[in-house]
Amino acid sequence: MPRPLGTELTMNRNTGAGFSSPAWTHIRGLQDVKLNIQPAAMVKSSDRSVNVDTEVPTRYKVEVDATAFWNGGTGLTALRAAFLNATPIELAVLYGPAATSKKGVRAEWAVTQFPIDFPLGDNQKIAIKLQPHADYTNAPLFYTDATTTAGTAETISTKKIGAAAAVCASGGTPIGAAMDIKLGLQPGALIDSSDRDSLFDVVKPTRFKFEPEFSFLWNPANAQLMSLYTAATTNAPIELYILDGAYATSGSWGVHSDWAINGFPIDAKLKDGQQVTVKLTPHGDGTVAPIFYTVP
């Protein structure tokens, strides 16, 4: 019997009439996907009946880790919306294409990580993490797909390139010296909400934690870079937009805030320029509160 390839594992949204009549639509743009199934606990059960330590597995812990090229497509945008709103998203992660009786896990998931990297010379990359959401309507389950109707396939979307992303100062002026950019997005906390209603461990995300950073070659003649240096050496807030596209382009999306400079290291290698990697944290004394921002 042929062994399935890694590319055959699918992550699917339910675009059907409801839970009892699913129609699975494969999410485009995914690269590596890892479905991790393990016991939520191992209960020590050693006794005098055997001369070997024993354990009994109990409950289940399932997680999905996936990487993707950010494309603004329907599936990845739905995952982003679930992250931004901390709401469940129903997905079936299957060991093969849907509608072929493949096994896997079906759940209403919490998106517990959605960081985006904007490397200067590559595509925009996302690292996604999923865990069963505590606010489910239908409990998580090990699932064998029995659907006969496939969902409408997603339209192919253009993969966004890292060079299109931007760090912009107040008013939307881009900082052209920016090189690699990272927009770290994750919950500020995950509440372990596991109880006896489900055999699966579940979580509830709360608040947000933003940890963006970007690099540039130090140039004291550049007024924008000097403003970053001033903020770093005075602990003052600095207003910045970090976007997946130009500030002038409608639909560009990211985070807008007054930021504290949480690091201003200069790496001065013998055979290279002076490279700075600025780390940012929303400033507690800022007048611009951190928000997710879409250019109108």
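Fair warning: this is a prediction, and the values are worked out from it, not measured in the lab.

Before we move on, could you go through the pattern of salt bridges and cite the residues and values that matter?
Tallying each qualifying case throughout the model produces 13 salt bridges. Between Arg106 and Glu90 there is a salt bridge, with its nearest N and O atoms 2.7 Å apart. Residue Arg106 is located in strand 8 (residues 103-113), and its partner Glu90 is located in strand 7 (residues 89-94); the two are separated by 16 residues in the primary sequence. The closest approach of N and O atoms between Lys279 and Glu213, which form a salt bridge, is 4.0 Å. With a gap of 66 residues between them, Lys279 in strand 22 (residues 274-282) and Glu213 in strand 18 (residues 213-217) connect regions that are remote in the sequence. By relative accessible area, Lys279 is classed as partly exposed at 36%. One continuous salt-bridge network, built from bridges that share partners, spans Lys61, Glu63, Asp65 and Lys129.

An account of a nonpolar patch on the surface is requested, with residue identities and associated values reported.
On the surface, Ile37, Tyr60, Tyr95, Phe142 and Leu199 cluster together to form a nonpolar patch covering roughly 460 Å² of accessible area. Structurally, Leu199 can be placed in the loop between strand 15 (189-192) and strand 16 (203-206).

Which residues make up the packing of aromatic side chains, and what are the values?
Throughout the structure, instances matching the rule amount to 19 aromatic pairs. Each ring, one from Trp218 and one from Phe264, has its centre 6.0 Å from the other, and the planes form 85°; the classification is edge-to-face. Taken as a pair, Trp218 in the loop between strand 18 and helix 2 (223-234) and Phe264 in the loop between strand 20 (253-263) and strand 21 (266-268) lie far apart in primary sequence, 46 residues in all. A single burial state applies to Trp218 and to Phe264, both of which are buried. Taking 5.0 Å as the distance between ring centres and 65° as the angle between the ring planes, the aromatic pair formed by Tyr241 and Tyr247 counts as edge-to-face. Among the aromatic residues, ring-to-ring pairing joins Trp70, Phe83, Phe114, Phe208, Phe210, Trp253 and Phe292 into one connected group. The side chain of Arg80 reaches across the aromatic face of Trp253, ending 4.4 Å from its centre.

Here is what the cut-offs are and how they apply
- Residues numbered from 1 in each chain as written.
- Predicted model: local features only at pLDDT ≥ 70, side-chain atom pairs only at ≥ 80, totals over all residues.
- Heavy atoms only, no water.
- Salt bridge = Lys/Arg side-chain N within 4 Å of Asp/Glu carboxyl O.
- Helix = DSSP H or I, 4+ residues; strand = E, 2+ residues; numbered from the N terminus.
- Buried < 20%, exposed > 50% of the residue type's maximum accessible area, 1.4 Å probe, protein only.
- Patch = residues over 30% accessible without salt bridge, like charges linked within 9 Å, V, L, I, M, F, W, Y side chains within 5 Å.
- Areas by Shrake-Rupley, 256 points an atom, 1.4 Å probe, with all protein chains shown as cover.
- Phe/Tyr/Trp six-rings, centres within 6.5 Å; stacked < 30°, edge-to-face > 60°.
- Lys NZ or Arg CZ within 6 Å of the ring centre and 35° of its normal.

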